[in-house]
Amino acid sequence: MNGIYLDNAATTRVFDAVQQLMMETMREQYGNPSSLHTKGVEAERYVRQARERIARTLKVSEKEIVFTSGGTESNNMALIGGAMANRRAGKRILTTAIEHASVSNPVRFLEEEGFDVVRLPVDGDGIVSMEALREAMTPDTIVVSVMYVNNEIGSVQPVEEISRIIKAVNPRVLFHVDAIQAYGKYEIRPKKMGIDLLSVSGHKIHGPKGVGFLYLAERAKVRPLLLGGGQQQGRRSGTENVPGIAGLGLAAEMVYENVREKAEQMAAMKAQFVQGVEAIPGTKINGKTGRDSAPHIVSVSFEGIRSEVLLHALEAKGIYVSAGSACSSNKSTVSATLKAIGLPGSLLDSTLRFSFGAFTTAQEISETLDVLAEVLPLLRRYARR
């Protein structure tokens, strides 16, 4: 069996065209985009083209796109920069109990700095409580941060409804959306949806690692975190990563070509996988599985088998998955998301995430289901000894 990669929520294989464009910029157009000579002007053209490509996918202005080193920096910039720039208006920050560490840790930092943080609960499917949101929202709330798609169980938040609720109380509140797992899967219109700050990472959309962007609405006040030469209108200093930015721009354009059709194809594979897994005894799928969930993420708990054991058993068969978030899968901490949705303690260490991408095929899904049906009875037999 050839290798089957089902860990696309962790990272993705770069599109061939993206790789070629990046090689071109590194070999030929390697100038500093701030330089005034021809090489610099040529490099700056790649940055400008990428900004145009990304802005088109969101229907926003090109000047509202700020390039970063990836999703973590985008989230930090939105949260810390947004809170620091608006602290005179209030110190209340709302977020959820199931955020990625690149949101939850900056929020914890802000809490230590004296900000009032409220972490909203979610239901058993990982959906934020609208009642709790209404109760927590106050006129002095300055930042609300909610992830569009949860990276572990694929729950999809009602982003537009959340925006309406919070802006009815305080129209000036900054609404930040971590769209790292949503961008490239959904048509996202920040202006229509009431989103002020939106984080995206290149390596989740078949682009390069180490680059991402933050959509920063023109009206939004955000303090820069990186100070230096004043690149990107002073919002994020540092020489631009031209190869990465060029690759990100092309990947964004490519994932949004026929995006609805591509999402439907992934959703069909997810339905195939879910149906097959549910037929295997001793399995539990976490969160929603229909079209109201992300089309590319499935979280499955396997009774009586430690996730690490099953992960390596699948790896031995050439199948690559993950035990929760890749950013924390090498740590012994229990998933905050799985705890928040009320997963029984006996299953917290028995859960794997399967995630699909542009290169995943229905045949690979079928082969994975066959392998699971084969190895699970064997592993459970050894676990009982």
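Keep in mind that this is a model prediction, so the values were computed, not measured. (Residues numbered from 1 in each chain as written. Predicted model: local features only at pLDDT ≥ 70, side-chain atom pairs only at ≥ 80, totals over all residues. Heavy atoms only, no water.)

K.L.:
Break down the overall build of the chain for me, with residues and values.
P.N.:
Counting secondary structure elements, the chain contains 12 helices and 12 strands. Rg of the C-alpha trace for the chain: 21 Å, near the compact-globule value of 21 Å for 385 residues, within the 12% margin. Counting only C-alpha atoms, the chain reaches 70 × 55 × 35 Å along its principal axes. Looking at the 385 residues of the chain, the share that counts as buried comes to 57%. Within the chain, residue pairs in contact and separated by at least 24 positions form 75% of the contacts whose partners lie at least 6 positions apart. (Helix = DSSP H or I, 4+ residues; strand = E, 2+ residues; numbered from the N terminus. Rg over C-alpha atoms; globule rule 2.2 N^0.38 Å. Buried < 20%, exposed > 50% of the residue type's maximum accessible area, 1.4 Å probe, protein only. Contact = heavy atoms within 4.5 Å.)

K.L.:
Would you mind going over the sheet that holds strand β10 (residues 297–302) in detail, with residue names and values included?
P.N.:
In any sheet, the strands associate via hydrogen bonds between backbone groups, in a parallel or an antiparallel arrangement. Read from one edge of the open sheet, 3 strands run β9-β10-β12, paired in antiparallel fashion. In this open sheet, the two edge strands, each paired with only one partner strand, are β9 (283–286) and β12 (351–355). With direction set aside, neighbouring strand axes in the sheet form an average angle of 30 degrees. Examined bridge by bridge, β9 and β10 share 4 bridges and lie antiparallel to one another. For Asn286, the partnering residue across the bridge sits in β10 and is Ser299. Each of β9, β10 and β12 is contacted by helix α9 (residues 259–278), which is oriented at about 10 degrees to β10, the strand it contacts most. Set on the sheet, helix α10 (residues 307–316) makes contact with β10 and β12; between it and β12 the angle comes to about 40 degrees. (Pairing = 2+ DSSP bridges. Axes fitted to C-alpha atoms, helices over the stretch in contact; angles between N-to-C directions.)

K.L.:
Explain helix α1 (residues 16–27) to me, and be specific about the residues and the numbers.
P.N.:
With 12 residues, α1 ought to run about 16 Å at 1.5 Å a step, and its terminal C-alpha atoms sit 17 Å apart, in line with that. Buried within α1 are the following residues: Val18, Leu21, Met22 and Thr25. Axial view of α1: buried residues confined to an arc of 100 degrees, hence all on one face. In α1, the exposed positions that point more than 90 degrees away from the buried face belong to Gln20 and Arg27. Buried residues belonging to α1 abut α2 (38–58) and α8 (242–255). (Expected span 1.5 Å × (residues − 1). Arc of directions from axis to C-beta.)

K.L.:
I'd like to hear about the pairing of strand β5 (residues 141–147), residue by residue, with values.
P.N.:
Burial within β5 is extensive, with 7 of its 7 residues counted as buried. One ladder, built from 3 bridges, connects strand β3 (residues 92–96) with β5; its direction is parallel. What sits directly across from Ile93, in β5, is Val143. Where β5 meets strand β6 (residues 174–178), 5 bridges bridge the pair, whose relative direction is parallel. Paired with Met147 across the bridge in β6 is Asp178. Tracing the backbone out of β5, into helix α6 (residues 159–169) and back to the parallel element β6 gives a crossover that is right-handed. (Right-handed = clockwise from strand over helix to strand, strands pointing away.)

K.L.:
Talk me through the packing of aromatic side chains; I want residue IDs and the actual numbers.
P.N.:
Tallied over the entire structure, the rule returns 7 aromatic pairs. A ring pair is formed by Phe273 and Phe356, whose centres lie 6.0 Å apart and whose planes are at 70 degrees; its orientation type is edge-to-face. With Phe273 in helix α9 and Phe356 in the loop between β12 and α12 (362–383), this residue pair connects regions lying 83 residues apart in the sequence. The exposure class assigned to Phe356 is buried, which follows from its relative accessible area of 1%. On the numbers, 6.4 Å between centres and 65 degrees between planes, the contact of Phe302 with Phe354 is edge-to-face. Remark: Phe354 occurs in strand β12 and Phe302 occurs in strand β10; sequence separation between them is 52 residues. Overall, the relative accessible area of 0% leaves Phe354 in the buried class. When the ring centre of Tyr30 is taken as origin, the NZ or CZ atom of Lys39, which lies over that ring, is 4.7 Å away. (Phe/Tyr/Trp six-rings, centres within 6.5 Å; stacked < 30°, edge-to-face > 60°. Lys NZ or Arg CZ within 6 Å of the ring centre and 35° of its normal.)

K.L.:
Explain the pairing of β12 to me, and be specific about the residues and the numbers.
P.N.:
Of all 5 residues making up β12, 5 are buried, and the element is well covered by its neighbours. Strand direction decides the pairing type here: β10 and β12, joined by 5 bridges, are antiparallel. From the neighbouring strand, Ser299 faces β12, where its bridge partner is Arg353.

K.L.:
Outline the packing of α1 against α8, listing residues and values.
P.N.:
Relative orientation of the contacting elements α1 and α8 amounts to 155 degrees, with a least axis distance of 8 Å. Taken together, the axes of α1 and α8 are roughly antiparallel relative to one another. Seen along the crossing, α1 lies across α8 with a hand that is right-handed. Contacts between α1 and α8 involve Ala17, Val18, Leu21, Met22, Thr25 and Met26 from the first element and Val242, Pro243, Gly244, Ala246, Gly247, Leu250, Ala251 and Met254 from the second. When its residues are assigned to classes, the contact of α1 with α8 shows 11 nonpolar, 3 polar and no charged. (Parallel < 35°, antiparallel > 145°, perpendicular 65-115°, else oblique. Left-handed = near helix turned anticlockwise from the far one by under 90°. Nonpolar A, V, L, I, M, F, W, Y, C, P; charged D, E, K, R; others polar.)

K.L.:
Could you give an account of the pattern of salt bridges, with specific residues and numbers?
P.N.:
With the rule as written, the count across this model stands at 17 salt bridges. For Glu218, the salt bridge is made with Lys63, and the minimal N-O distance between the two is 3.1 Å. With Glu218 in the loop between β8 (212–216) and α8 and Lys63 in the loop between α2 and β2 (65–68), this pair connects stretches of sequence that are 155 residues apart. Look at Glu218 and you get exposed, because its relative accessible area is 58%. For Arg291, the salt bridge goes to Glu264, with nearest N and O atoms at 2.4 Å. Residue Arg291 is located in the loop between β9 and β10, and its partner Glu264 is located in helix α9; the two are separated by 27 residues in the primary sequence. (Salt bridge = Lys/Arg side-chain N within 4 Å of Asp/Glu carboxyl O.)

K.L.:
Please provide a residue-by-residue account of the environment of Tyr215, values included.
P.N.:
Residue placement: Tyr215 occurs in strand β8. Here Tyr215 falls in the buried class, since its relative accessible area comes to 1%. When the C-alpha atoms of Tyr215 and Leu197 are compared, they prove to be 5.4 Å apart, with 18 residues separating the residues in sequence. Setting aside anything within four residues of it in sequence, one finds Tyr215 in contact with Leu58, Val60, Glu64, Ile65, Pro190, Lys191, Ile195, Asp196, Leu197 and Leu198.

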